[in-house]
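# Remarks on the overall topology
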Amino acid sequence: MRKMLAAVSRVLGVAQKPASRVLVASRNFANDATFEIKKCDLHRLEEGPPVTTVLTREDGLKYYRMMQTVRRMELKADQLYKQKIIRGFCHLCDGQEACCVGLEAGINPTDHLITAYRAHGFTFTRGLSVREILAELTGRRGGCAKGKGGSMHMYAKNFYGGNGIVGAQVPLGAGIALACKYNGKDEVCLTLYGDGAANQGQIFEAYNMAALWKLPCIFICENNRYGMGTSVERAAASTDYYKRGDFIPGLRVDGMDVLCVREATRFAAAYCRSGKGPILMELQ
Amino acid sequence: MAAVSGLMRRPLEQVSGLLRRRFHRTTPAALQVTVRDAINQGMDEELERDEKVFLLGEEVAQYDGAYKVSRGLWKKYGDKRIIDTPISEMGFAGIAVGAAMAGLRPICEFMTFNFSMQAIDQVINSAAKTYYMSGGLQPVPIVFRGPNGASAGVAAQHSQCFAAWYGHCPGLKVVSPWNSEDAKGLIKSAIRDNNPVVVLENELMYGVPFELPSEAQSKDFLIPIGKAKIERQGTHITVVAHSRPVGHCLEAATVLSKEGIECEVINMRTIRPMDIETIEASVMKTNHLVTVEGGWPQFGVGAEVCARIMEGPAFNFLDAPAVRVTGADVPMPYAKILEDNSIPQVKDIIFAIKKTLNI
């Protein structure tokens, strides 16, 4: 995150010239920059995503703004939760912003996304406003689900929540991928789950059917190393979540680097769109 | 008992005779159609009508259906629309729900509803509750269908009735057809409905032929979900049932008619939303009520009917407490004599009716 901000400010810093010199200056600075990103660990794949990527000024500003907004929104939600203005459950993704922003950057708005209950960031990146999200969290009629859903049940176009039952969203995501294949429009479905959910049996049932029927499903494990209070070493016999798909190729991605996530997502989406079947990404 | 000797299997000629009939489009007179063929026709017509409808489940495609209900469909529609799944109920039910969320109209078959317990989280939490939780944004137009309740000699783990369990949940519609007309009309309505619908069929009824009236032979024949049917008019007592027991009630009514007792037999057709108005109107006429179901007594369908009658205007018209005839409160035993006595028989229904009428 810090490296990212430093890089962006380097690009932007050059642009802070007085207005009279801006036109002249436009010949003197670049509109984009090249970054080196971490190589991904691969499972059953010959090649992975590229190790360098180009970030344009426009994209840089966009990602920064989105990540900052998600951060501020989550921190505010935290505060409201502690004041008991938000009731029930409130699962926050501050610290994981690079995941939701990076994933969105790697796909099209016509692609589909489903996740579990740590969903506020995705709700925002998939197109809902902060106002609708906070209104829903505080149980107001102006909320995206009219106050009837709450933290865990927010929906938007091509965004299927927001699911409360750990692991249940994975077969749902495979089903959305089946609809993508059925409709033949070259769309993919990003199906997210956490390191805790990765041990659910229904996920392996979904892996089996997705691979059997070559569904355009990108299974994504967001590994923040803790399932509630239980660390991954205490919950999983194998913590190489990107390999847990067995016959499904996988890659482990640096989830703290928005550009790494973006490139890996583009790679995975291209893989699925070519009809090769599902693929698995672990964001660490 | 002859009308309900449930295990008559019609030969192939019956089916091909049927196909010949449809193909030539002769004026349909009343036609003998088994419940199995009625469901098959209903699904076939809906698959043809709407590209988005598809069927998935274990053995539904190449095996023609575990109980042959989907016979011929894979051959006609192919791999894309009729999908064989591995034995992964939770997985494929979730996949079906996801496909419904993304705009398709899946029919998800459970080989029996006993196996739906493996997937019940997807049926309730992912399908039933979603439209409400999303504030009306995300409909789930899915049908879950399959045989429900007791069969013959399949013992405890394969004989449970789920009418009460699914009927409990807001967000679901639950239907329970008895005869061929019910089966065809209700499966078509279920597929066209934008809500999740659970269709509780009955394995012992699959092979039973019924006369399909001419209007039921039309491709747009629908039975509205939420409406009961009075199968037999009567004046002395109201007998309410769903699924296979409806046939037993009609038999009991025939026997009692010879003794001068006229029973009004109501076929519920829909468990949820329950058509209590039809039952109330009948009770207000006859002043007596007996409910009949195959499921266990505690928290069952009959219990709900009785509670609602008490809460409504019909209570003041009752001359005796309502009586429930239900399956025995035990896991279904295997031995035939025990199994026969664990489900409502015609003699149990007659006994309950006479007890209510104080005869």
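What counts, and at which threshold
- Residues numbered from 1 in each chain as written.
- Chains lettered and ligands numbered in written order.
- Predicted model: local features only at pLDDT ≥ 70, side-chain atom pairs only at ≥ 80, totals over all residues.
- Heavy atoms only, no water.
- Helix = DSSP H or I, 4+ residues; strand = E, 2+ residues; numbered from the N terminus.
- Rg over C-alpha atoms; globule rule 2.2 N^0.38 Å.
- Buried < 20%, exposed > 50% of the residue type's maximum accessible area, 1.4 Å probe, protein only.
- Contact = heavy atoms within 4.5 Å.
- Areas by Shrake-Rupley, 256 points an atom, 1.4 Å probe, with all protein chains shown as cover.
- Lys, Arg positive; Asp, Glu negative; His and termini not counted.
- Charge placed at Lys NZ, Arg CZ, Asp CG, Glu CD.
- UniProt positions renumbered as here; feature names shortened; annotations may be inferred.
- Axes fitted to C-alpha atoms, helices over the stretch in contact; angles between N-to-C directions.
- Parallel < 35°, antiparallel > 145°, perpendicular 65-115°, else oblique.
- Left-handed = near helix turned anticlockwise from the far one by under 90°.
- Pairing = 2+ DSSP bridges.
- Salt bridge = Lys/Arg side-chain N within 4 Å of Asp/Glu carboxyl O.
- Core = buried A, V, L, I, M, F, W, Y, C linked by side-chain atoms within 4.5 Å.
- Phe/Tyr/Trp six-rings, centres within 6.5 Å; stacked < 30°, edge-to-face > 60°.
- Right-handed = clockwise from strand over helix to strand, strands pointing away.
- Nonpolar A, V, L, I, M, F, W, Y, C, P; charged D, E, K, R; others polar.

### Here's the deal with the overall build of chain A
Within chain A, the secondary structure is distributed over 10 helices and 10 strands. Rg of the C-alpha trace for chain A: 19 Å, near the compact-globule value of 19 Å for 284 residues, within the 12% margin. Counting only C-alpha atoms, chain A reaches 65 × 50 × 40 Å along its principal axes. Evaluated residue by residue, chain A yields a buried proportion of 55% over its 284 residues. Contacts spanning at least 24 positions in sequence make up 69% of the contacts within chain A whose residues lie at least 6 apart. Surface summary for chain A: the accessible area is close to 13,200 Å², and the carbon and sulfur share equals 50%. Across chain A, the centroid of the 38 positively charged side chains sits 7 Å from that of the 27 negatively charged ones.

### Considering the UniProt feature "domain: Transketolase-like pyrimidine-binding" (unreviewed entry) in chain B
UniProt's entry tags residues 33-208 of chain B with the feature "domain: Transketolase-like pyrimidine-binding" (unreviewed entry), counted in the numbering of this structure. From the first C-alpha to the last, residues 33-208 of chain B spans 8 Å; its make-up is 36% helix and 16% strand.

### Thoughts on the packing of helix α2 (residues 35-49) of chain B against helix α8 (residues 180-192) of chain B
For any two helices packed against each other, the geometry comes down to the angle between their axes and how far apart the axes lie. Residue and element names in this part refer to chain B. In the contact formed by α2 and α8, the axes pass within 8 Å of each other and the chain directions differ by 25 degrees. Taken together, α2 and α8 sit at an angle that is classed as roughly parallel. For the crossing formed where α2 meets α8, the hand is right-handed. Touching Val-35, Ala-38, Ile-39, Gln-41, Gly-42, Met-43, Glu-45, Glu-46 and Arg-49 of α2 are Ser-180, Ala-183, Lys-184, Ile-187, Lys-188, Ile-191 and Arg-192, all from α8.

### Considering the UniProt feature "domain: Dehydrogenase E1 component" (unreviewed entry) in chain A
Within this numbering scheme, the UniProt entry marks residues 66-283 of chain A as carrying the feature "domain: Dehydrogenase E1 component" (unreviewed entry). Summarising residues 66-283 of chain A: 40% helix, 13% strand, and an end-to-end C-alpha distance of 19 Å.

### Quick notes on the sheet that holds strand β2 (residues 41-43) of chain A
Residue and element names in this part refer to chain A. Pairing is mixed across the open sheet formed by six strands, whose spatial order is β2-β9-β10-β6-β5-β4. Since the sheet does not close on itself, it has two edges, and those belong to β2 and β4 (112-114), each with one partner. Pairwise comparison of adjacent strand axes, ignoring direction, gives a mean angle of 20 degrees for this sheet. Bridge count between β4 and strand β5 (residues 189-194): three bridges; the pairing is parallel. Bridge pairing in β5 places Leu-113 opposite Leu-190. The sheet contacts of helix α4 (residues 97-106) involve β5, β6 (217-222) and β10 (279-283), and relative to β10 the element is tilted by about 145 degrees. Contacts from helix α8 (residues 201-212) reach β5, β6 and β10 within the one sheet, and its direction differs from that of β6 by about 150 degrees.

### Examining the pattern of salt bridges
Residue and element names in this part refer to chain B. Going through the model one piece at a time under the given rule, you end up with 36 salt bridges over all chains. For the salt bridge of Arg-269 with Glu-181, the shortest nitrogen-to-oxygen distance reads 3.9 Å. Remark: Glu-181 occurs in helix α8 and Arg-269 occurs in the loop between β11 (263-267) and β12 (270-272); sequence separation between them is 88 residues. Glu-181 gets classed as buried once you look at its relative accessible area, which sits at 14%. Residues Glu-264 and Lys-285 are paired through a salt bridge, measuring 2.6 Å at the closest nitrogen-oxygen approach. One end of the pair, Glu-264, is in strand β11; the other, Lys-285, is in helix α10 (residues 276-286), and 21 residues separate them in sequence.

### Looking at the nonpolar core
If you look at the biggest cluster of nonpolar residues, it comprises 76 residues, and the most contacted ones within it are Tyr-193 and Phe-219 of chain A. Those residues in contact with Phe-219 of chain A that sit more than four places away from it in its chain are Val-170, Thr-191, Tyr-193, Ala-206, Tyr-207, Ala-210, Ile-248, Pro-278, Ile-279, Leu-280 and Met-281 of chain A. In terms of nonpolar packing, the next biggest core, distinct from the first, is built from 56 residues, Ala-38, Ala-61, Val-246 and Val-265 of chain B among them.

### As for the packing of aromatic side chains
How two aromatic rings sit relative to each other is given by the distance of their centres and the angle of their planes. Residues and elements named next belong to chain B. For the structure on display, the rule yields 11 aromatic pairs over all chains. Plain terms: the ring middles of Phe-92 and Phe-110 are 6.3 Å apart, the flat faces sit at 35 degrees to each other, and that makes the pair tilted. Placement of Phe-92 in helix α4 (residues 89-101) and of Phe-110 in the loop between β4 (105-109) and α5 (120-128) is noted, with a sequence separation of 18 residues between them. Relative accessible area serves as the criterion here: at 0%, Phe-92 is assigned to the buried category.

### Some details on unusual backbone geometry
Of the consecutive residues Gly-161 of chain A and Gly-162 of chain A, the connecting peptide bond is found in the cis state with omega at 25 degrees. Take Gly-162 of chain A: it is sitting in the loop between α6 (130-137) and α7 (169-183). Located in the positive-phi region is Met-228 of chain A, a residue other than glycine, with phi close to 55 degrees. Given a relative accessible area of 82%, Met-228 of chain A falls into the exposed group. Unusually for a residue other than glycine, Ser-243 of chain B sits at a positive phi of about 65 degrees.

### With respect to the environment of Gly-260 of chain B
Tracing the sequence through the fold places Gly-260 of chain B in the loop between α9 (245-257) and β11. Sequence separation between Gly-260 of chain B and His-236 of chain B is 24 residues, and the spatial gap between their C-alpha atoms is 9.4 Å.

### Points about the pairing of strand β13 (residues 289-292) of chain B
All names here are of chain B. Side chains Leu-289 and Thr-291 of β13 all project onto a buried face; the interleaved residues Val-290 and Val-292 project onto the opposite face, where all are buried too. Across four bridges, strand β10 (residues 237-241) lies against β13 in parallel orientation. For Val-240, the partnering residue across the bridge sits in β13 and is Thr-291. For β13 and strand β14 (residues 323-325), the ladder comprises three bridges, and the chain directions are parallel. Residue pairing for β14: Thr-291 is matched across the bridge by Arg-324. This β-α-β element, β13 to helix α11 (residues 301-311) to β14, shows right-handed connectivity.

### Description of the packing of α9 of chain B against helix α13 (residues 346-356) of chain B
Residue and element names in this part refer to chain B. Between α9 and α13, the least distance of the axes is 9 Å, while the angle of their chain directions is 60 degrees. The orientation of α9 with respect to α13, classified from their angle, is oblique. Here α9 and α13 pass one another in a crossing that is right-handed. Only Val-346, Ile-349, Ile-350, Ile-353 and Lys-354 of α13 make contact with α9, whose side of the interface consists of His-248, Cys-249, Glu-251, Ala-252, Val-255 and Leu-256. Partitioning the contact of α9 with α13 into residue classes produces eight nonpolar, one polar and two charged.

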